[in-house]
Amino acid sequence: LSAVGGYGGLRRRFPLALAPNGSGPCGRPPPDAFRLLRPPGSAELPWPGLLLGMSVLAAWYWCTDQVIVQRCLAGRSVTHVRAGCVLCGYLKVLPMFLMVLPGMAARVLYPGEVGCADAASCARVCGSPSGCSSVAYPRLVARLLPPGLRGLLLAGLVAALMSSLASVFASAGALGTLDLYRLLRPRAGPRELLLAG
């Protein structure tokens, strides 16, 4: 954000971040980019879809997803689990500041790369004719962060990936053991179930 002049600079410069030869809709930033709740007729995430669709997805993710449930079962007590879920709910606000605003800043700083105007220029810049939004974060990291912070960021990404994979493997082991292995061996004791898991 400091590279684009803070939040005020981002608000001023984002509508002007046109891609070279950006006469089509892909070359221009959307006029309602800073509005979270968009009208019901909007083509991109209208407010009924945001509130109704996201609430269903959030309820599924936080209440029934096996990875989250598995992590909750590892809590010391119900109070710890509840406090952890509330803390995670507050942390879910951070992606707005960690992903959305830096992505918009990348559009301002590199409009010809991140905001390519047509399929041919997108394929030339990033190898994907459907768009180059996936190169925004790597461009910011490679061009703005000093080497030490790049390494720290990479370590954090790898740690997050390993944590998610560990949860998935633990959930898969629990599901496979308790739902499948028990069907095959109904008299299996706790030690055998632990080894199977």
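Check the entry above for the structure.
Residues numbered from 1 in each chain as written. Predicted model: local features only at pLDDT ≥ 70, side-chain atom pairs only at ≥ 80, totals over all residues. Heavy atoms only, no water.

Undergrad: Is there a simple way to explain the packing of aromatic side chains in this structure?
TA: Given two aromatic rings, their pairing is described by the distance between the two centres and the angle made by the two planes. In total, this model carries 2 aromatic pairs according to the counting rule given. Ring centres 6.1 Å apart and planes at 85° place the aromatic pair Tyr7 and Phe34 in the edge-to-face group. Of this pair, Tyr7 sits in helix α1 (residues 6-13) while Phe34 is found in the loop between α1 and α2 (47-64), placing the two residues 27 residues apart along the sequence. Accessibility expressed as a relative area gives 41% for Tyr7, which makes it partly exposed. A cation over a ring is seen here: Arg11 above Phe34, with NZ or CZ 4.6 Å from the ring centre. (Phe/Tyr/Trp six-rings, centres within 6.5 Å; stacked < 30°, edge-to-face > 60°. Helix = DSSP H or I, 4+ residues; strand = E, 2+ residues; numbered from the N terminus. Buried < 20%, exposed > 50% of the residue type's maximum accessible area, 1.4 Å probe, protein only. Lys NZ or Arg CZ within 6 Å of the ring centre and 35° of its normal.)

Undergrad: Honestly, the pattern of salt bridges in this entry has me stumped. Any pointers?
TA: Two side chains of opposite charge can pair, provided their charged atoms sit close to one another. Overall, the coordinates contain 4 salt bridges when judged by the stated rule. For Arg139, the salt bridge goes to Glu113, with nearest N and O atoms at 2.4 Å. Placement of the pair is Arg139 in helix α8 (residues 136-144) and Glu113 in helix α6 (residues 111-114), with a sequence separation of 26 residues. Judged by its relative accessible area of 21%, Glu113 falls in the partly exposed class. Residues joined by salt bridges that share partners form a network here, namely Glu113, Arg139 and Arg143. (Salt bridge = Lys/Arg side-chain N within 4 Å of Asp/Glu carboxyl O.)

Undergrad: Just to check I follow, could you spell out the packing of α1 against helix α5 (residues 94-109) for this structure?
TA: Helix packing for two helices is described by the angle between their axes and how far apart those axes are. Viewed as axis vectors pointing N to C, α1 and α5 meet at an angle of 55°, and their least axial separation amounts to 10 Å. With respect to their mutual orientation, α1 and α5 come out oblique. Of the two elements, α1 crosses α5, and the hand of that crossing is left-handed. Only Leu101, Met104, Ala105 and Val108 of α5 make contact with α1, whose side of the interface consists of Tyr7, Leu10 and Arg13. For the contact of α1 with α5, a count of residues per class yields 6 nonpolar, no polar and 1 charged. (Axes fitted to C-alpha atoms, helices over the stretch in contact; angles between N-to-C directions. Parallel < 35°, antiparallel > 145°, perpendicular 65-115°, else oblique. Left-handed = near helix turned anticlockwise from the far one by under 90°. Contact = heavy atoms within 4.5 Å. Nonpolar A, V, L, I, M, F, W, Y, C, P; charged D, E, K, R; others polar.)

Any functional reading would require information beyond the geometric quantities listed.
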